[in-house]
Amino acid sequence: MTYEWIKAVHVIAVIAWMAGMLYLPRLMVYHVEAPAGSIQSETFKIMERRLLKGIINPAMSLAWVLGLYLAWSGFGFKGGWLHGKIALVLVLSGLHGYLVGRVRAFAEDRNDKSARFYRILNEVPAVLMALIVILVIVKPF
């Protein structure tokens, strides 16, 4: 029974993490178009910081802690699909770290990327999420 509750909270944390990872680059698309120092730019800074600190960071932390527990207690860290999933989650976590750096750059009015860059970057979490879900559900290897 406890395992199922932990799994449920893990899935909720992953959903919250992914929601933030999909929304943050979209905010950045619009932020690029706002002149530095403008009311819009300052509003985007607040939105990005709150999204990151209030949702994305805590959700990622909870997803990792519970996910590692589930991998250990449920599978003993065995299975090719699980190793693939962990590798992709590491890539997603790296992207998370990169976005943290982009939020800092925006906060200091030193963004050097285009709206197109953030539009493309916005697709990366969705692709990673799809691959992770396939590995977890289908367990192809």
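If you're wondering where the values come from, they're calculated on a predicted model, not measured in any experiment.

## Some words on a positive patch on the surface
A cluster of basic side chains, namely Arg49, Arg50, Lys53 and Arg104, defines a positive patch on the protein surface. Take the positive patch: its biggest share by element is 3 residues, from helix H2 (residues 39-75). In this fold, Arg104 is placed in helix H3 (residues 80-107). You can call Arg104 exposed: its relative accessible area is 53%.

## Examining the pattern of salt bridges
In total, this model carries 5 salt bridges according to the counting rule given. A salt bridge links Arg119 to Glu33, with the nearest nitrogen and oxygen atoms 3.7 Å apart. Here Arg119, found in helix H4 (residues 115-121), pairs with Glu33, found in the loop between helix H1 (2-32) and H2; they are 86 residues apart in sequence, far enough to count as distant. Judged by relative accessible area, which is 38%, Arg119 ranks as partly exposed. Glu42 serves as the salt-bridge partner of Lys45, at 2.9 Å between the closest nitrogen and oxygen. Taken as a pair, Lys45 and Glu42 lie in helix H2 at a separation of 3 residues, close to a single helical turn. Overall, the relative accessible area of 34% leaves Glu42 in the partly exposed class.

## A short note on the environment of Ser93
If you trace the backbone, Ser93 turns up in helix H3. For the pair formed by Ser93 and Ser61, sequence separation is 32 residues and the distance between their alpha carbons is 10.0 Å. For Ser93, the contacting residues outside a window of four places in its chain are Trp17, Met60 and Trp64.

## Looking at the packing of H1 against H2
Contact geometry for H1 and H2: axes closest at 7 Å, N-to-C directions at 150 degrees. With respect to their mutual orientation, H1 and H2 come out roughly antiparallel. Between H1 and H2 lies a crossing of left-handed hand. A per-class count over the contact of H1 with H2 returns 28 nonpolar, 7 polar and 3 charged.

## Quick notes on the packing of H1 against helix H5 (residues 124-138)
With their axes 8 Å apart at the nearest point, H1 and H5 run at an angle of 150 degrees to one another. By the angle between their axes, H1 is roughly antiparallel relative to H5. When H1 is examined against H5, the residues Met18, Met21 and Leu22 are found in contact with a partner set consisting of Pro125, Ala126 and Met129. Its residues assigned to classes, the contact of H1 with H5 shows 6 nonpolar, no polar and no charged.

Rules of the game
- Residues numbered from 1 in each chain as written.
- Predicted model: local features only at pLDDT ≥ 70, side-chain atom pairs only at ≥ 80, totals over all residues.
- Heavy atoms only, no water.
- Patch = residues over 30% accessible without salt bridge, like charges linked within 9 Å, V, L, I, M, F, W, Y side chains within 5 Å.
- Areas by Shrake-Rupley, 256 points an atom, 1.4 Å probe, with all protein chains shown as cover.
- Salt bridge = Lys/Arg side-chain N within 4 Å of Asp/Glu carboxyl O.
- Lys, Arg positive; Asp, Glu negative; His and termini not counted.
- Charge placed at Lys NZ, Arg CZ, Asp CG, Glu CD.
- Helix = DSSP H or I, 4+ residues; strand = E, 2+ residues; numbered from the N terminus.
- Buried < 20%, exposed > 50% of the residue type's maximum accessible area, 1.4 Å probe, protein only.
- Contact = heavy atoms within 4.5 Å.
- Axes fitted to C-alpha atoms, helices over the stretch in contact; angles between N-to-C directions.
- Parallel < 35°, antiparallel > 145°, perpendicular 65-115°, else oblique.
- Left-handed = near helix turned anticlockwise from the far one by under 90°.
- Nonpolar A, V, L, I, M, F, W, Y, C, P; charged D, E, K, R; others polar.

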